[in-house]
Amino acid sequence: MNAKTLSAALLAATFLALPAHAQDNSMHKGMHQGMHQGMQGGAHQMHGTQARTTASPSTREFEAANAKMHTDMAIAYSGNPDVDFVRSMIPHHQGAIDMAKVQLQHGQDPEIRKLAEEVIRAQEGEIAMMRAWLAKHGQ
């Protein structure tokens, strides 16, 4: 059994051992991690820790923002789709803000810097609206 097959088997066994409410969060995180790993390409997967140590400061900051966002999005679901959506979207939007700040710190392209500033402004406004909505609805 190769490492990829073993990893898949371990992930499946872990998933099946989780209670139903935890499976939703694990599946969500697993899908995002799989997509994230796929987008990073084989070199990152092959070198693992070595690739992280030699990564640029912006890469390390993007990875940290992404990891925090996914951790914070793993909410305890209430069964109320409105509440669950808003509670999940707040950390998702905060992740976008954090990534935009990394771009502003390290990026050079004026057009993308403007986009990052717009992302921050828009996402901060939506987070404020969602927090107000949660408070209004006793959440």
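Shown above is the structure to which this text applies.
A brief structural summary.

## Looking at the overall build of the chain
Stage number 1. Helix and strand counts for the chain come out as seven helices and zero strands.
Stage number 2. Each helix and strand of the chain, ordered N terminal to C terminal, gives the series α-α-α-α-α-α-α.
Stage number 3. Considering the chain as a whole, with its 139 residues, one finds that 25% of them fall into the buried category.
Stage number 4. Taking the contacts inside the chain whose residues are at least 6 apart along the sequence as the reference set, 51% of them involve residues at least 24 apart.
Stage number 5. Carbon and sulfur atoms make up 61% of the accessible area of the chain, which amounts to about 9400 Å² in all.

## Describing the environment of R121
Stage number 1. One can find R121 in helix α7 (residues 110–136).
Stage number 2. By relative accessible area, R121 is classed as exposed at 56%.
Stage number 3. C-alpha of R121 to C-alpha of I97: the two residues are 24 residues apart in sequence and 8.5 Å apart in space.

## A closer look at the environment of H106
Stage number 1. Considering the arrangement of structural elements, one finds H106 in helix α6 (residues 81–106).
Stage number 2. By relative accessible area, H106 is classed as partly exposed at 30%.
Stage number 3. Sequence spacing of H106 and S58 is 48 residues, and the spatial spacing of their C-alpha atoms is 6.4 Å.
Stage number 4. Excluding anything up to four places from it in sequence, H106 contacts P57, S58 and E61.

## A few points about the packing of helix α5 (residues 57–73) against α6
Stage number 1. Their axes nearest at 8 Å, the elements α5 and α6 cross at an angle of 170 degrees. With respect to α6, the axis of α5 lies roughly antiparallel. For the pair formed by α5 and α6, the contact residues are P57, S58, E61, F62, A65, M69, D72 and M73 on the first element and S88, P91, H92, G95, D98, M99, V102, Q103, Q105 and H106 on the second.
Stage number 2. When the residues that make up the contact of α5 with α6 are grouped by side-chain class, the tally is eight nonpolar, seven polar and three charged.

What counts, and where the lines are drawn
- Residues numbered from 1 in each chain as written.
- Predicted model: local features only at pLDDT ≥ 70, side-chain atom pairs only at ≥ 80, totals over all residues.
- Heavy atoms only, no water.
- Helix = DSSP H or I, 4+ residues; strand = E, 2+ residues; numbered from the N terminus.
- Buried < 20%, exposed > 50% of the residue type's maximum accessible area, 1.4 Å probe, protein only.
- Contact = heavy atoms within 4.5 Å.
- Areas by Shrake-Rupley, 256 points an atom, 1.4 Å probe, with all protein chains shown as cover.
- Axes fitted to C-alpha atoms, helices over the stretch in contact; angles between N-to-C directions.
- Parallel < 35°, antiparallel > 145°, perpendicular 65-115°, else oblique.
- Nonpolar A, V, L, I, M, F, W, Y, C, P; charged D, E, K, R; others polar.

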